[in-house]
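What follows is each chain in one-letter form.
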Amino acid sequence: MRIWNQMPLFRLLIPFITGILIEIFCPFQIEILLWILPVFLFIISLFTFIKKIYRKVSIRWIYGAALNFCVFILGVLLTWLHTEKNESSHFSYSFPAKEYIGVLADQLHEKKNSYKTIVELKSIRLKDGDWKNVTGKVLIYLAMDTASAKLKYGDVIMFAALPKEVDPPKNPEQFNYKRFLSFHNVYHQVYLAGNKWKSLNYNEGNALRKFSFDLRDRLVDIFKTRIIREQEYGVASALVLGYEDNIDAELINAYSNAGALHVLSVSGMHVGIIFLVFSWMLSWMDKSKWLRHLKFIVLLLFIWFYAMLTGFSPAVLRSAMMITVVIIGSWSKSSSNIFNTLIVSVFALLLYNPYYITEVGFQLSYLAVFGICYLHPMIAKWFEPSNWLVYSIWQITSVSISAQLMTFPLGLLYFHQFPNLFFISNIVVIPLSTVIIYISILLLFTSWIPVFSTYLAVTCFGLLYALNNSVLFVEKIPFSIVPDISISVFETWIIYLLMALFIFFLVYKRPIFLISGLSLVIVLCTGQLLESISINSQKKFIVYDIPKQTAIELVASTENIFIAPRDLINDKSRMMFNILHNRWLLGLNQTTNIDSSKISLKNDKYIVKNNFVQFFNKKVLILKNKFIVQNKKTVKEKLKLDYLILSGNNYQKLEDIINYFDFKLLIIDSSNSLWRAEKVIKKCREQHINYFSVPHNGAYVADI
């Protein structure tokens, strides 16, 4: 296979990435590898310096195996070294402390009721009063006030609240925020009220990064003052500067549904456009040999300055690294295989930070570029029109198809939907966003020229308005997306392997690829059939863990009843974070929402009325805080229940509740405060009552 012969580094990339992933997800004793590594290095030395051994073809595989094991160990060791909790100076080994001093390692991000940022701890004051230098990061939420709003990257603060470990997911299939933060070496979080922290009024941030953030803020302000409307200047800031805080969630969702979300994340396309702009601006320097050398230096500086301006995101770093290799190759007049360029950039970035491999943008970006480089030349040959306009449209469409083919399995895994009309939206979005980037850059450079910049701003606003509305139009077309898709990581790998086998069959015409691919199709279909049988027979009772809320789901086959307050039902963000992923996994497609303040429903599977629920043969009562026991004497016949759910900080004594109800399990839901739950738990233990506390143990899930 010629393509693999063109990528010798790819053979080493596989064990390198394998080592990284194993250390991230299944870490083991690093000392074992340190003992094994010298053995493999010795074997490699023998083959390298003793030519007689290397010439023996029958044992050359030993050299290859030793080299692969060394690269594998390199991936493991590098990841271990980049994991901050492995350092003895990590602040978690000195818990608890009285006070903490740290530096803001990021800008403030505005949330609904607070500001969020990362603080890199520098020192802590222990219980005995001594100060100790430490390392480690903490996710902090700051109460919104005038003092917190003034904080910037690099500011040093002192706080007295105790950081707590980030909680693992408490609901089935809930987004694993704890693991996500751990990929960024953040394991603790803390909320700081106004009286729990103070600024020390000096800045210790990296000067280059601080300059980057300050300059980006000034450029965002230019868009804000010139383009005026929030949706338009928000998209301009994202397109050119990678600043997405000003785009509302609905517009981002529209871009996602239309298959055009990639334009809002500064990546290879954006860096390529910036490179072409500056290369064209400096084309006059090609006339002289020395000026040509200077041009390459200036282009490199421009590319990395732009990467710095966008916050060194993995996608921009990958693109900047690739273009750097291309520039150096052009400078030295040597040709460079694009696949090798890709692999070199992967190695370079993962050597810098192995945790980049966990970034969704990093994964999608590389797969998209690989798809464009490998598949696009083949797909473009399917149709070769002579008309310039038709040819241009087909080129954009074939590029979109190439990128989408390589990224759609990951899209299904991470975003649970497929944009059916991606090729239509990209015909408009790609050329329009390219023109917007050109004009936006010109606007930033000429913002000090009143009349000219005003015309540019008006033009830019019109194009941005057209871009947003074209995306919104595509999103509203019926069947524009296939929603609520759920596949596992294993199924994702199977799909990629299946795609590779069919592509290889089409390229190399070998029957073994077709036979293997069809065998995988049978495996995939069998798995889907078994999953469908399981879904059709399922009956589940779920009490979710959502702070200050009662949220109950009754599942029968593909149908479900969801009992919750109306504000939770309508909150797309909280539903997505806590519940929807589980619904997709369970294959639910017929949801009936019931406002918990107006409970009423009856059919052959459910009876739901006045806080009483009968689900098949199971009886459930939601006991709210307004329920009042009027007669404290033991009744003659208690109401028999399977589950009694205590809701809303129910203030009644457990003894009174026992007088009225005979239940198999008492469930304390998350609408109760922790202190109230702990009080009830204590009583349950004293009276030997079977209980389950959702605030403490996470969601309660029972198969009926």
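Note that this is a predicted model, so its numbers are computed, not measured. (Residues numbered from 1 in each chain as written. Predicted model: local features only at pLDDT ≥ 70, side-chain atom pairs only at ≥ 80, totals over all residues. Heavy atoms only, no water.)

A.B. asks: Where do I start with the pattern of salt bridges in this structure?
C.D. replies: Pairing is possible between side chains of opposite charge, provided their charged atoms come close. Inspection of the entire model under this criterion finds 13 salt bridges. Where Arg125 meets Glu99, a salt bridge forms, and the shortest distance between an N and an O atom there is 3.2 Å. One end of the pair, Arg125, is in strand β3 (residues 114–125); the other, Glu99, is in strand β1 (residues 99–104), and 26 residues separate them in sequence. The partner of Asp662 in a salt bridge is Lys640, with the nearest N and O atoms 3.3 Å apart. With Asp662 in strand β21 (residues 661–668) and Lys640 in strand β20 (residues 639–646), this pair connects stretches of sequence that are 22 residues apart. Looking at Asp662, the relative accessible area reads 35%, which means it is partly exposed. Several salt bridges converge on common partners, so that one network encompasses Asp567, Asp571 and Arg574. (Salt bridge = Lys/Arg side-chain N within 4 Å of Asp/Glu carboxyl O. Helix = DSSP H or I, 4+ residues; strand = E, 2+ residues; numbered from the N terminus. Buried < 20%, exposed > 50% of the residue type's maximum accessible area, 1.4 Å probe, protein only.)

A.B. asks: What should I look at first to understand the nonpolar core in this one?
C.D. replies: Most often, soluble globular proteins have nonpolar side chains that are buried together. Counting residues in each nonpolar core, the largest one holds 56 residues, and the members touching the most others are Phe223, Leu239 and Tyr255. Setting aside anything within four residues of it in sequence, one finds Phe223 in contact with Ile228, Tyr233, Ala236, Ser237, Val240, Leu241, Ser440, Leu443 and Leu444. Among the nonpolar cores identified, the runner-up in size contains 23 residues, and Ile485, Ile494, Met499 and Leu501 belong to it. (Core = buried A, V, L, I, M, F, W, Y, C linked by side-chain atoms within 4.5 Å. Contact = heavy atoms within 4.5 Å.)

A.B. asks: I'm lost on the packing of aromatic side chains in this one. Help?
C.D. replies: In this description, an aromatic ring pair is defined by two values, namely the gap between the centres and the angle between the planes. Inspection of every chain in the model, using the stated rule, returns 30 aromatic pairs. Arranged with centres 5.9 Å apart and planes meeting at 75°, the rings of Phe383 and Trp394 form a pair that is edge-to-face. Pair noted here: Phe383 is in the loop between α16 (376–380) and α17 (388–415) and Trp394 is in helix α17, with a separation of eleven residues, a long-range link. Of the residues examined, Phe383 reaches a relative accessible area of 41% and is grouped as partly exposed. On the numbers, 6.3 Å between centres and 65° between planes, the contact of Phe541 with Tyr700 is edge-to-face. (Phe/Tyr/Trp six-rings, centres within 6.5 Å; stacked < 30°, edge-to-face > 60°.)

A.B. asks: Looking at this structure, I do not really get the environment of Ser283. What am I missing?
C.D. replies: Relative to the assigned elements, Ser283 resides in the loop between α11 (268–281) and α12 (289–309). According to the relative accessible area criterion, Ser283 is partly exposed, its value standing at 37%. The spacing of Ser283 and Lys295 is twelve residues in sequence and 8.3 Å in space, taken between C-alpha atoms.

A.B. asks: Help me out: how do you make sense of the pairing of strand β14 (residues 559–564) in this one?
C.D. replies: Looking down a regular strand, the side chains alternate between one sheet face and the other. Within β14, five of the six residues are buried, which leaves the element mostly enclosed by the surrounding structure. Linking two consecutive strands that pair antiparallel, namely strand β13 (residues 552–556) and β14, is a turn of two residues; a positive phi of about 60° is found at Ser557 within it. (Pairing = 2+ DSSP bridges.)

A.B. asks: Whenever I open this one, a nonpolar patch on the surface confuses me. Can you help?
C.D. replies: A cluster of nonpolar residues, Trp284, Leu291, Leu294, Ile297 and Leu301, forms a patch on the protein surface that exposes about 480 Å² of accessible area. Checked against the element boundaries, Leu301 lands in helix α12. The exposure class of Leu301 is exposed, given its relative accessible area of 58%. (Patch = residues over 30% accessible without salt bridge, like charges linked within 9 Å, V, L, I, M, F, W, Y side chains within 5 Å. Areas by Shrake-Rupley, 256 points an atom, 1.4 Å probe, with all protein chains shown as cover.)

A.B. asks: How should the side chain of Gln538 be read in this particular structure?
C.D. replies: Turning to its location among the elements, Gln538 is positioned in the loop between α21 (511–536) and β12 (539–543). A polar contact is formed between the side chain of Gln538 and the backbone oxygen of Leu586, at a distance of 2.8 Å. (Polar contact = N/O pair within 3.5 Å; in protein donor to acceptor, adjacent residues only side chain to side chain.)

A.B. asks: What is the right way to look at the environment of Val543 in this model?
C.D. replies: Relative to the assigned elements, Val543 resides in strand β12. Of the residues examined, Val543 reaches a relative accessible area of 0% and is grouped as buried. Measuring from C-alpha to C-alpha, the distance between Val543 and Ile477 comes to 36 Å, with 66 residues separating the pair along the chain. Sequence-distant contacts of Val543, defined by excluding residues within four places in its chain, comprise Ala551, Ile552, Ile645, Ile667, Asp669, Val694, Ala699 and Tyr700.

A.B. asks: Sorry, what's going on with the pairing of strand β5 (residues 137–143) here?
C.D. replies: Within β5, six of the seven residues are buried, which leaves the element mostly enclosed by the surrounding structure. Where β3 meets β5, seven bridges bridge the pair, whose relative direction is antiparallel. Bridge pairing in β5 links Ile118 to Leu139. Note that β5 and strand β8 (residues 186–192) share six bridges and pair parallel. From the neighbouring strand, Val138 faces β8, where its bridge partner is His188.

A.B. asks: Is there a simple way to think about unusual backbone geometry in this case?
C.D. replies: Leave glycine aside and you will find that most residues have negative phi; peptide bonds, for their part, are mostly trans. Non-glycine residue Asn185 carries a positive phi angle of around 60°. Mapped onto the secondary structure, Asn185 falls in the loop between α7 (177–182) and β8. Look at Asn185 and you get buried, because its relative accessible area is 8%. In this structure, Asp484 takes a positive phi of about 55° despite not being glycine. For Asp484, the position within the fold is in the loop between β11 (481–482) and α20 (489–508). The class of Asp484 is partly exposed, set by a relative accessible area of 44%.

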